[in-house]
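If you want the building blocks of each chain, they are given just below.
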Amino acid sequence: RRLVMPFLFAQFGHRVTMYQNIAFRRPSQICIGNNVVLETGITLEVKGDNGFIHICDDVHIGKNTILSCPGGTIMIGKNTTIGESCRLGSLHGLTIGPHSILQDSVCIVGAGHSFSSKNQPIISQPLTCRGETVIGEAVKIGNEATLLDGVKIGKKARILANTLVRDDIAANCTVSGIPASCC
């Protein structure tokens, strides 16, 4: 692995720990920093020519997590931990600031589908996206929280478990509920 991986990826750091059953789609559009841990069953998927995934140094990604990038860039900041079974998407971009924690089963929606036509299945209708999703530095997101596309989360914000975030969250704010509101 040490000899082959640097030639397949845009960047492949030192002391990268990879467990089994990891899928890389378009590794030439993926950068992996130093001291990164990728647990079992992870998928890092770039779907188009314009997408890119950049994982900074000292990042830990839990098992069965999927990073799917059909467009834009997914940027995971230094010293960030992503829990198990998370789904992170990006149509226009996703930035996760350094020192952040995403607990298990977090879903960051990269886009949606229009549902204007009643004669067509939603999956067949055009994609919609409200823009890039930006998560600030030292943010903590609880288990099974969902963030919709285009939201901005301020530095040191806390999103409690089972919360649906559809609007921006200010720095240092703690939110919960469906939809999210300040505690």
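Above this note sits the structure.
Residues numbered from 1 in each chain as written. Predicted model: local features only at pLDDT ≥ 70, side-chain atom pairs only at ≥ 80, totals over all residues. Heavy atoms only, no water.

## Details of the overall build of the protein chain
Here is step 1 of the chain: Tallying secondary structure elements over the protein chain gives one helix and 25 strands in all.
Here is step 2 of the chain: Taking 2.2 N^0.38 as the reference for a compact globule, 183 residues should give roughly 16 Å; the C-alpha atoms of the protein chain span a radius of gyration of 16 Å, in line with that estimate.
Here is step 3 of the chain: Viewed in the frame of its principal axes, the protein chain has a C-alpha envelope of about 50 × 40 × 25 Å.
Here is step 4 of the chain: Evaluated residue by residue, the protein chain yields a buried proportion of 43% over its 183 residues. (Helix = DSSP H or I, 4+ residues; strand = E, 2+ residues; numbered from the N terminus. Rg over C-alpha atoms; globule rule 2.2 N^0.38 Å. Buried < 20%, exposed > 50% of the residue type's maximum accessible area, 1.4 Å probe, protein only.)

## A closer look at the nonpolar core
Here is step 1 of the chain: Formed by 42 residues in total, the largest nonpolar core has its most connected members in Ile32 and Ile153.
Here is step 2 of the chain: Mapped onto this core, the elements with two or more residues apiece are strand S4 (30–32), strand S6 (43–46), strand S7 (52–55), strand S9 (66–69), strand S10 (73–76) and strand S13 (94–96).
Here is step 3 of the chain: If we ignore the near neighbours within four places in the chain, the residues touching isoleucine 153 are Val134, Ile135, Gly136, Val139, Leu147, Ile159, Val165 and Ile169. (Core = buried A, V, L, I, M, F, W, Y, C linked by side-chain atoms within 4.5 Å. Contact = heavy atoms within 4.5 Å.)

## Observations regarding the pairing of S10
In summary, the side chains of a regular strand alternate between the two faces of the sheet.
Here is step 1 of the chain: Residue alternation in S10 divides its side chains into a buried set, Ile74 and Ile76, and an unburied set, Thr73 and Met75.
Here is step 2 of the chain: Relative to S10, S7 runs parallel, the two sharing four bridges. Paired with isoleucine 53 across the strands is isoleucine 74, a residue of S10.
Here is step 3 of the chain: Both S10 and S13 contribute to a ladder of three bridges, which runs parallel. Each bridged residue has a counterpart across the sheet, and for isoleucine 76 the counterpart in S13 is isoleucine 96. (Pairing = 2+ DSSP bridges.)

## With respect to the packing of aromatic side chains
Here is step 1 of the chain: Going through the model one piece at a time under the given rule, you end up with two aromatic pairs.
Here is step 2 of the chain: Both rings, one in phenylalanine 9 and one in phenylalanine 12, keep their centres 5.2 Å apart while their planes meet at 40°; by these two values the pair is tilted. Across this residue pair, the class does not change: phenylalanine 9 and phenylalanine 12 are buried.
Here is step 3 of the chain: Residues phenylalanine 9 and phenylalanine 24 carry aromatic rings whose centres are separated by 4.9 Å and whose planes lie at 90° to one another, so their mutual orientation is edge-to-face. In this pair, phenylalanine 9 is assigned in the loop between helix H1 (5–8) and strand S1 (11–12) and phenylalanine 24 in strand S3 (residues 23–25), connecting sequence segments 15 residues apart.
Here is step 4 of the chain: Chaining the aromatic ring pairs together yields one cluster made of Phe9, Phe12 and Phe24. (Phe/Tyr/Trp six-rings, centres within 6.5 Å; stacked < 30°, edge-to-face > 60°.)

## A few points about unusual backbone geometry
Here is step 1 of the chain: Along the chain, isoleucine 178 connects to proline 179 via a cis peptide bond; the corresponding omega equals 0°.
Here is step 2 of the chain: In the Ramachandran plot, aspartate 58 falls in the positive-phi region, its phi being about 60° despite a non-glycine side chain.
Here is step 3 of the chain: Given the relative accessible area of 31%, aspartate 58 is considered partly exposed.
Here is step 4 of the chain: Positive phi, normally seen in glycine, also occurs at serine 105, with a value near 60°.
Here is step 5 of the chain: In this structure, serine 105 sits in the loop between strand S14 (101–102) and strand S15 (107–108).

## A word on the state of the cysteines
Here is step 1 of the chain: This model, assessed by the stated rule, comprises zero disulfides.
Here is step 2 of the chain: In this structure cysteine 31 is a free cysteine whose sulfur lies 9.0 Å from that of cysteine 56, the closest cysteine sulfur available.
Here is step 3 of the chain: In this structure cysteine 86 is a free cysteine whose sulfur lies 9.0 Å from that of cysteine 107, the closest cysteine sulfur available.
Here is step 4 of the chain: What makes cysteine 86 buried here is its relative accessible area of 0%. (Disulfide = S-S within 2.5 Å.)

## Some points on the sheet that holds strand S8 (residues 60–61)
Sheets are built from strands that pair by backbone hydrogen bonding, the pairs being arranged parallel or antiparallel.
Here is step 1 of the chain: One open sheet holds the nine strands; their spatial order is S2-S5-S8-S11-S14-S19-S22-S24-S25, and the pairing between them is mixed. A single partner strand is all that each edge strand has here, and the edge strands are strand S2 (17–18) and strand S25 (181–182).

## Brief notes about the sheet that holds S10
Here is step 1 of the chain: Taken together, seven strands build an open sheet; the order of strands is S1-S4-S7-S10-S13-S18-S21 and the sheet is parallel. The sheet terminates laterally at S1 and strand S21 (152–153), the two strands that pair on one side only.

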